[in-house]
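# Structure at a glance
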Amino acid sequence: MSGQYGDSTRTVKASASQNVPGQPVTSPPLPASAYHLSEDESRPLDTYGRSSNPTWRQFESALADLEGATSALSFGSGMAAITSVLRVLAKPGTVLVVPADGYYQVRRYAAEYLAPLGVDVREVSAADMCAAAESADVVVAETPVNPTLDVVDLHRLALTCRGRGATLVVDNTTPTPLGQQPLSLGADVVVASATKALSGHSDVIAGYAASCHAELMAAVERERLLGGAILGPFEAWLALRSLGSAGLRFERQCQNALAMAFTLRDHPAVRAVRYPGLPDDPAHDVACAQMKRFGGLVAFELADAAAVHRLVERSDLAVAATSFGGLHTSVDRRARWGDPVPAGFARMSMGIEDTDDLISDVTAALG
Ligand SMILES: *Cc1c(COP(=O)(O)O)cnc(C)c1O
């Protein structure tokens, strides 16, 4: 529909309300739990707040459009979206591949809740995803991987999954649909946290699933209704309101990330840097083939934990915070959360500050 437009135009249009004279230019929040029913018992579009909400519909059609899906479903968090899809797909006896190096709570959920139900859960790193898919029924891939920013070749993985009849689920949180569209590369369903760069103001938790498989999406919607992991109407409104500036914000974040990656790469205090947009990054060729933009995250390694703490203390612009994708540049030392990374490994989430300011600030803070 809006395929001819660039990302900022699409996100602005997606978040705008319908052009009706006298009505607000943007949609207001609609916090209803119950809607009037008709006495002839025909079903209106909205009946009860756990089934549907007009703000969800607008948010979901925006997400479907951005992901190149026929439909999308919003959830109360990224984890709610991922676990709902997994509850639909991963039945007892299913072989389920989850990222060993990706977002840790996904593999914790699989190990703590799905494995005891008889799902054969296999934790596999980005480099071994394609080989593992050859004996899997459901594959969850994440790329670029949070936090190490390794890249999975989605086209190759999708061909392997298709050859075997396995379902490919891609977590598209780190690149957002403005950076990568997994469905166009052959994925069956996209799951993501909208909490990060898509909402981008560090003030709302939300998630979604998007796909072109109508039957699968109907089952996921049923799961959402019965499981109840819905997005509150105010949060849906906040996420929709934020989506309007996502194109502009993400462009600046990606620009800042590339500049920061070059700066870190050339700094003597930095042991290693990963950013898929760096020409000498091991994943650069695959990233160029499948990504429109390389994202706002940069992974790097300093000597030890103290060096990361010192960087944050000395910096005027980078704050210590987990999560990512917000307006403010932030640094997260991932070993603090138990990620399998060295003590001095940090993930920097680029904000929308001026590039020159960030580069001089971080250069000075590194000493
Ligand atoms: C944050 C994150 C999630 C979970 O999203 P929430 O909105 O916090 O539930 C899932 N996957 C990835 C890659 C993430 O970064």
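Residues numbered from 1 in each chain as written. Predicted model: local features only at pLDDT ≥ 70, side-chain atom pairs only at ≥ 80, totals over all residues. Heavy atoms only, no water.

### Focus: the nonpolar core
Convention followed: The term nonpolar core refers to a set of buried residues drawn from Ala, Val, Leu, Ile, Met, Phe, Trp, Tyr and Cys, joined through side-chain atoms within 4.5 Å. With a 1.4 Å probe rolled over the protein chains alone, any residue whose accessible area is under 20% of its type maximum counts as buried; one over 50% counts as exposed, and the rest are partly exposed. Note on conventions: DSSP H or I runs of at least 4 residues are helices, E runs of at least 2 residues are strands, and numbering of each starts at the N terminus. Should any heavy atoms of two residues lie within 4.5 Å, those residues are counted as being in contact.
If you look at the biggest cluster of nonpolar residues, it comprises 74 residues, and the most contacted ones within it are Val139, Leu157, Leu168, Leu264 and Phe300. It is helix H10 (residues 246-265) that contributes the most residues to this core, seven residues altogether. Sequence-distant contacts of Val139, that is, excluding residues within four places in its chain, are made with Val97, Met129, Ala133, Leu157, Cys161, Thr167, Leu168 and Val169. Ranked by size, the runner-up nonpolar core spans 26 residues in total, among them Leu86, Val98, Leu114 and Val169.

### Some words on empty space enclosed by the protein
Here is the rule we go by: Cavities and pockets are found on a 1 Å grid laid over the protein atoms alone: a cavity is a set of points where a 1.4 Å probe fits but cannot escape, a pocket is an open set with protein on both sides within 12 Å along at least five of seven lines, and a lining residue has an atom within 4 Å of such a point. Grid points are joined across faces, edges and corners, and a volume is the space filled by probe spheres set on the points. Three categories are distinguished: nonpolar for Ala, Val, Leu, Ile, Met, Phe, Trp, Tyr, Cys and Pro, charged for Asp, Glu, Lys and Arg, and polar for the others, with Gly belonging to the last. How far each domain reaches was decided by an automatic or database domain assignment.
Evaluated as defined, the whole model comprises three cavities of 30 Å³ or more. There is about 50 Å³ of room inside the largest cavity. As for the largest cavity, its lining consists of Thr173, Thr174, Ala197, Phe250, Gln253, Gly296, Leu297, Phe324, Gly325, Ser349 and Met350. Taken together, the residues of the lining of the largest cavity break down into five nonpolar, six polar and no charged. Each of domain 1 (2-243) and domain 2 (246-366) contributes no fewer than three residues to the lining of the largest cavity.

### Digging into the site of the ligand
Stated precisely, the cut-off is as follows: Here a residue counts as near a molecule or strand whenever at least one of its heavy atoms sits within 4 Å of it. Any pair of N or O atoms that falls within 3.5 Å is considered a polar contact. Within protein, one atom must be able to donate a hydrogen and the other to accept it, and sequence-neighbouring residues count only if both atoms are side-chain atoms. Note on areas: Shrake-Rupley with a 1.4 Å probe; residue coverage comes only from the protein chains shown. More than half of a molecule's atoms within 2 Å of the grid points is what it takes for that molecule to sit in a cavity or pocket.
What surrounds the ligand is a group of 15 residues, the closest being Met79, Asp171, Ser193, Thr195 and Lys196. Here an oxygen atom of the ligand and a backbone polar atom of Met79 are 2.8 Å apart. The side chain of Ser193 places a nitrogen or oxygen atom 2.7 Å from an oxygen atom of the ligand. A total of 380 Å² of accessible area belongs to the ligand in isolation, and the protein chains cover 93% of it. Assessed atom by atom at 2 Å from the grid points, the ligand resides in the second largest pocket.

### Thoughts on the sheet that holds strand E6 (residues 189-193)
Stated formally: When DSSP finds at least two bridges between two strands, those strands are taken to pair. Angular values range over 0 to 180 degrees, each being the angle between N-to-C directions of two axes fitted as lines to C-alpha atoms, with helices fitted over their stretch in contact.
The strand order across the open sheet formed by seven strands is E1-E7-E6-E5-E4-E2-E3, and the pairing between neighbours is mixed. Only two strands of the sheet have a single neighbouring strand rather than two, namely strand E1 (71-75) and strand E3 (120-124). With direction set aside, neighbouring strand axes in the sheet form an average angle of 20°. Running over the sheet, helix H4 (residues 104-114) touches strand E2 (95-99) and E3 and is turned about 150° from E2. Each of strand E4 (138-142) and strand E5 (167-171) is contacted by helix H6 (residues 154-164), which is oriented at about 155° to E5, the strand it contacts most.

### Some remarks on the layout of surface pockets
There is about 360 Å³ of room inside the second largest pocket. With three residues, helix H3 (residues 78-89) is the largest single contributor of residues to the lining of the second largest pocket. In the lining of the second largest pocket, the residues fall into eight nonpolar, nine polar and five charged. If you count residues domain by domain, the lining of the second largest pocket takes at least three from each of domain 1 (2-243) and domain 2 (246-366).

### Regarding the environment of Ala303
If you trace the backbone, Ala303 turns up in the loop between strand E9 (297-301) and helix H12 (305-314). Of the residues examined, Ala303 reaches a relative accessible area of 44% and is grouped as partly exposed. Those residues in contact with Ala303 that sit more than four places away from it in its chain are Ala269 and Arg271.

### A short note on the packing of aromatic side chains
Two descriptors summarise a pair of aromatic rings, namely the distance from one centre to the other and the angle between the planes of the rings. The condition is simple: Only Phe, Tyr and Trp rings are paired, with Trp represented by its six-membered ring, and only when their centres lie within 6.5 Å; those with planes under 30 degrees apart are stacked, over 60 edge-to-face, the remainder tilted.
Here the structure, examined in full by the defined rule, presents three aromatic pairs. A centroid spacing of 6.5 Å and a plane angle of 75° characterise the contact between Tyr275 and Phe294, whose relative ring orientation is edge-to-face. Placement of the pair is Tyr275 in the loop between strand E8 (272-274) and helix H11 (284-290) and Phe294 in the loop between H11 and E9, with a sequence separation of 19 residues. Since its relative accessible area comes to 1%, Tyr275 is described here as buried.

### So, unusual backbone geometry
Following Thr143, the chain continues into Pro144 via a peptide bond in cis, with omega recorded as -10°. Structurally, Pro144 can be placed in the loop between E4 and H6. With an omega dihedral of 15°, the bond running from Asn146 to Pro147 counts as a cis peptide bond. Turning to its location among the elements, Pro147 is positioned in the loop between E4 and H6. Even without a glycine there, the phi angle at Glu41 is positive, about 65°.

### Describing the packing of helix H1 (residues 7-15) against H10
Remark: H1 packs on H10, axes separated minimally by 7 Å, with the N-to-C direction vectors making an angle of 145°. Seen from H1, the contacting residues are Asp7, Ser8 and Thr11; seen from H10, they are Ala246, Gly247 and Leu248. Residue composition of the contact of H1 with H10, by class: two nonpolar, three polar and one charged.

### Observations concerning H12
Keep this limit in mind: Arc definition: directions from the helix axis to the C-beta atoms.
When H12 is considered as a whole, its buried residues turn out to be Ala305, Ala307, Val308, Leu311 and Val312. One face of H12 carries all of its buried residues, which in axial projection span an arc of 170°. For H12, the secondary structure elements touched by its buried residues are E9, strand E10 (319-320), strand E11 (330-333), strand E12 (345-349) and helix H13 (355-366).

### Describing the sheet that holds E9
As summarised here, the arrangement of the five strands in space is E8-E9-E12-E11-E10, forming an open sheet in which the pairing is mixed. Each edge of the open sheet carries a strand with a single partner, namely E8 and E10. Relative to E12, E11 runs antiparallel, the two sharing four bridges. By the bridge assignment, Val331 is partnered in E12 with Met348. Packed on one face of the sheet, H10 meets E8, E9 and E12 and runs near 10° to E9.

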